[in-house]
Amino acid sequence: MPYASPMDLPAQDPDTGLVRVVIDTPKGSRNKYKFDPELGVFKLSRILPAGLSFPFDFGAIPSTRAEDGDALDVLVLNDTPLFVGCLVQVHLIGVIRARQKEGRKMIRNDRLVGTIETTVNKPAITRLAQVEEQQLRDIEHFFASYNQAQGREFKISGRGGPRDAERMFRDSMREFEKQAKNGVGGSRRRE
């Protein structure tokens, strides 16, 4: 069955149970893209300052809703960049917890972390604790710098493992369903 938007896809693959992620910004890119549901295409959202680029592929889990009103964000650890709009299945390995200032209010804006899994490619990393500490600090620094460049306050508040990531994923699916029943949501993804 075709979907009106990639963000309308079910959050999980029905056969494998793996989490679906739609990539909106490839690893190494200074260009941040986002899906425009009215136009049905990915469009350029912003260009990051010189010297700042995404350390890994970045995307969102369709049919989820996080506290910030967007689909859940996922940083996908991968050696080579994917392309904008690419659908991948991931194993959630953890979460980088963060708070972001929206207006006068601090809200959660966590970043889930996942590794790609296919029928022939099993992930070598299955827990955030397996990622080198310096690499995790670099990722956290990227997100703080990325938000600072946009004039937003962003604070890392901790990390969690696969169970924490899975719980956040399940909660965000429930929130999406709740909003959908109330006529709120759909395929919109704000920036």
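Source: prediction; values computed, not measured.

A. Quick peek at the overall build of the chain. Scanning the chain for helices and strands turns up two helices and nine strands. Going from the N terminus to the C terminus, the chain shows its helices and strands as β-β-β-β-β-β-β-β-α-β-α. Computed over C-alpha atoms, the radius of gyration of the chain comes to 16 Å, within 12% of the 16 Å expected from 2.2 N^0.38 for 191 residues, which places it in the range of a compact globule. In terms of its C-alpha atoms, the chain occupies a principal-axis envelope of roughly 40 × 40 × 30 Å. The buried share among the 191 residues of the chain stands at 46%. The contacts in the chain between residues at least 6 apart in sequence include a share of 68% that link residues at least 24 apart. Split by element, the accessible area of the chain, about 9,800 Å² in all, is 50% carbon and sulfur.

B. Up close: unusual backbone geometry. At Ser 63, a position not held by glycine, the phi torsion is positive, near 55°. Examined against the element boundaries, Ser 63 turns out to sit in the loop between β4 (57-60) and β5 (73-77). Residue class for Ser 63 comes out buried when judged on its relative accessible area of 13%.

C. Geometry of the packing of aromatic side chains. Taken as a whole and assessed by the stated rule, the structure comprises seven aromatic pairs. With a centroid separation of 5.1 Å and 65° between ring planes, the pair formed by Phe 142 and Phe 143 is classed as edge-to-face. Comparing Phe 142 with Phe 143, the two get one shared label, buried. Through successive ring pairs, a cluster of aromatic residues spans Phe 54, Phe 58, Phe 142, Phe 143 and Tyr 146.

Cut-offs used in this document
Residues numbered from 1 in each chain as written. Predicted model: local features only at pLDDT ≥ 70, side-chain atom pairs only at ≥ 80, totals over all residues. Heavy atoms only, no water. Helix = DSSP H or I, 4+ residues; strand = E, 2+ residues; numbered from the N terminus. Rg over C-alpha atoms; globule rule 2.2 N^0.38 Å. Buried < 20%, exposed > 50% of the residue type's maximum accessible area, 1.4 Å probe, protein only. Contact = heavy atoms within 4.5 Å. Areas by Shrake-Rupley, 256 points an atom, 1.4 Å probe, with all protein chains shown as cover. Phe/Tyr/Trp six-rings, centres within 6.5 Å; stacked < 30°, edge-to-face > 60°.

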